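Below are the chains, spelled out letter by letter.
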Amino acid sequence: MVKMTKISINPERLWSRLMDMSEIGEIPNNGSRRLALSQDDVDGRELFLAWCESRGYRAMFDKIGNLFIRRDGTDPDALPLAIGSHLDTQPNGGRFDGILGVLAGLEVLETLDDFKIKTRAPIDLVVWTNEEGARFQPAMMGSGVYCGVLDLPSVLATTDDQGISVAEETASHGYDKGCPPGFQQIERYVELHIEQGPILEMEEKAIGVVTGGQGIRWYDVTLTGEETHAGPVPMRSRRDPVPALAPVVELVYRIGQKDENARATIGKIETRPGSINVVPGQVCLSVDLRHPREADLVAMQEAFLNGICNIADAHPKLEVKAKCRWHSSVVQFDPEMVSGVREAAKQRNFPSMEIVSGAGHDAFNLAQVVPTTMIFVPCRDGISHNELEFTKPEHAAAGANVLLDMALRFANANQDALQLQE
Ligand SMILES: [Zn+2]
């Protein structure tokens, strides 16, 4: 009988794989650029698959390009525990966002082999396609299709800025010959990821016990007036939408002050046509509202929409509109799995704290269909989606060890089922 805490991953092997992967699509300052379904993304996947094959793991894929790497269990009827994340990056991406979850997953499979441990349930290491949403929208595309949140035909019809469709790219890489999405049923899912925020680092914790994710509302706000010349037309005769921008900005950031957990962001502001001597005909801006409690998020949303109505009333010469572009409900992870992460961190003496994910993850989609949770590790200064993204080797290893413990716990059902070969 092996004691769970005696088994640990190989931190050097994990780190060298992270560094090797970062060379695919390498950009300056240690960054990586592997946009979903691009040749760089596929090259990264090939490197990963070569590592898997060298250990004899079977790989399968579906029509959206999600990869499933199977390590068999002893019970042929047991559904797999799935672990994993994504290998695609932002245009100026880093070495850890997503990649850590996938390569730590591989490290878990190899560690189980190194220690000759059989699990009752199989373990599927999954690489979800297009988590980032940088090239094709929406984000979390592969997991969305897998979970039935997105439908395959409309996803395949999505195009990038060059007019290249997901269907063309999946076909050119042979994924169109894959299994139907959802072919591979799973029992549970756990994902290791960098926090992408500064909280764990500030609190000096190695492990974030992720209890769920913030709910999100995205709006497109348009303020429409009339385009005209900046010189000849007197101020009183204009229908300039820009003065109405100030109260919108004020409204959004006031809502963001609701409480410590509220978030409000205007990420894009555009005047059209955008010329120095033209009174713009339109101002377009994006609004992103988040909160970890659904009731609070609904209150923020109502405050926002009421505020927009008031701004419209105060500017009768303009057309003021707020259109909901996307919404994602608050995510609550499975309590039993959340406790699994908490206990694993405690047994290994890793300082940990509960945390709510501020970023979207594939695990949010999975949580709609199977018991799911996540493990966070700190990243330097909370920076991600940036080539400067960095996670210390000891934190990467701590996260991988907690992932290993989760695999032992949830692929075995109980510790007594842990079997050693010979
Ligand atoms: Zn990610």
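Further up the page is the structure itself.
Cut-offs used in this document
- Residues numbered from 1 in each chain as written.
- Predicted model: local features only at pLDDT ≥ 70, side-chain atom pairs only at ≥ 80, totals over all residues.
- Heavy atoms only, no water.
- Buried < 20%, exposed > 50% of the residue type's maximum accessible area, 1.4 Å probe, protein only.
- Helix = DSSP H or I, 4+ residues; strand = E, 2+ residues; numbered from the N terminus.
- Arc of directions from axis to C-beta.
- Contact = heavy atoms within 4.5 Å.
- Pairing = 2+ DSSP bridges.
- Core = buried A, V, L, I, M, F, W, Y, C linked by side-chain atoms within 4.5 Å.
- Axes fitted to C-alpha atoms, helices over the stretch in contact; angles between N-to-C directions.
- Parallel < 35°, antiparallel > 145°, perpendicular 65-115°, else oblique.
- Left-handed = near helix turned anticlockwise from the far one by under 90°.
- Nonpolar A, V, L, I, M, F, W, Y, C, P; charged D, E, K, R; others polar.
- Phe/Tyr/Trp six-rings, centres within 6.5 Å; stacked < 30°, edge-to-face > 60°.

A.B. asks: For this particular structure, what's the right way to read helix 8 (residues 245-255)?
C.D. replies: Each full turn of the α-helix corresponds to 3.6 residues, which orients residues three or four apart in the same direction. Listed in full, the buried residues belonging to helix 8 are Leu245, Val248, Leu251, Val252 and Ile255. With its buried residues spanning 125° around the axis, helix 8 presents them on a single face. Turned more than 90 degrees off the buried face of helix 8, the exposed positions are Glu250 and Arg254. The inward-facing, buried residues of helix 8 abut strand 10 (215-224), strand 12 (263-265), strand 13 (269-272), strand 15 (282-291) and helix 9 (294-314).

A.B. asks: I keep staring at the pairing of strand 19 (residues 372-377) and nothing clicks. Help me out?
C.D. replies: Residues in a regular strand project their side chains so that they alternate between the two faces of the sheet. Counting buried positions along strand 19 yields 6 of 6 residues, so the element is predominantly enclosed. Across the two faces of strand 19 the burial is the same, with Thr372, Met374 and Phe376 and Thr373, Ile375 and Val377 all buried. Bridge analysis of strand 8 (residues 188-194) against strand 19 gives 6 bridges, and the strand direction is parallel. Note on strand 19: the bridge partner recorded for leucine 192 is isoleucine 375. The sheet contact formed by strand 9 (residues 207-213) and strand 19 spans 3 bridges and is antiparallel.

A.B. asks: Where do I start with the environment of glutamate 23 in this structure?
C.D. replies: Along the chain, glutamate 23 falls in the loop between helix 1 (11-22) and strand 1 (26-27). Sequence separation of glutamate 23 and arginine 33 is 10 residues, and the distance between their C-alpha atoms is 9.5 Å.

A.B. asks: In this structure, what is going on with the nonpolar core? I would like to understand it.
C.D. replies: Side chains of nonpolar character tend, in soluble globular proteins, to be buried together. Counting residues in hydrophobic clusters, the biggest one holds 88 residues, and the most contacted among them are Leu14, Phe48, Leu100, Leu103, Ile207 and Ile375. Counting residues per element, this core draws most heavily on helix 12 (residues 393-412), at 12 residues. Counting 23 residues, the second-largest nonpolar core is a separate cluster that includes Val221, Leu285, Leu297 and Ile311.

A.B. asks: Hey, could you run me through the packing of helix 1 against helix 12 in this one?
C.D. replies: The relative placement of two packed helices is expressed as an angle between their axes plus a distance between the axes. Where helix 1 meets helix 12, the axes come as close as 10 Å, and the angle between the chain directions of the two elements is 110°. As summarised for this structure, helix 1 and helix 12 are arranged roughly perpendicular, according to the angle between their axes. Where helix 1 crosses over helix 12, the two elements pack in a sense that is right-handed. Contacts between helix 1 and helix 12 involve Pro11, Leu14, Trp15 and Leu18 from the first element and Pro393, Ala396, Ala397 and Ala400 from the second. A per-class count over the contact of helix 1 with helix 12 returns 8 nonpolar, no polar and no charged.

A.B. asks: When you look at the packing of aromatic side chains in this model, what are you seeing that I'm missing?
C.D. replies: Scanning all chains against the criterion turns up 12 aromatic pairs. Both rings, one in phenylalanine 68 and one in tyrosine 146, keep their centres 5.8 Å apart while their planes meet at 40°; by these two values the pair is tilted. Of this pair, phenylalanine 68 sits in strand 4 (residues 67-71) while tyrosine 146 sits in helix 4 (residues 141-146); the two residues are 78 residues apart in sequence, bridging distant segments of the chain. Both residues of the pair, phenylalanine 68 and tyrosine 146, belong to the buried class. Three or more aromatic residues joined by ring pairs form one cluster here, namely Phe68, Trp128, Tyr146, Phe183 and Tyr189.

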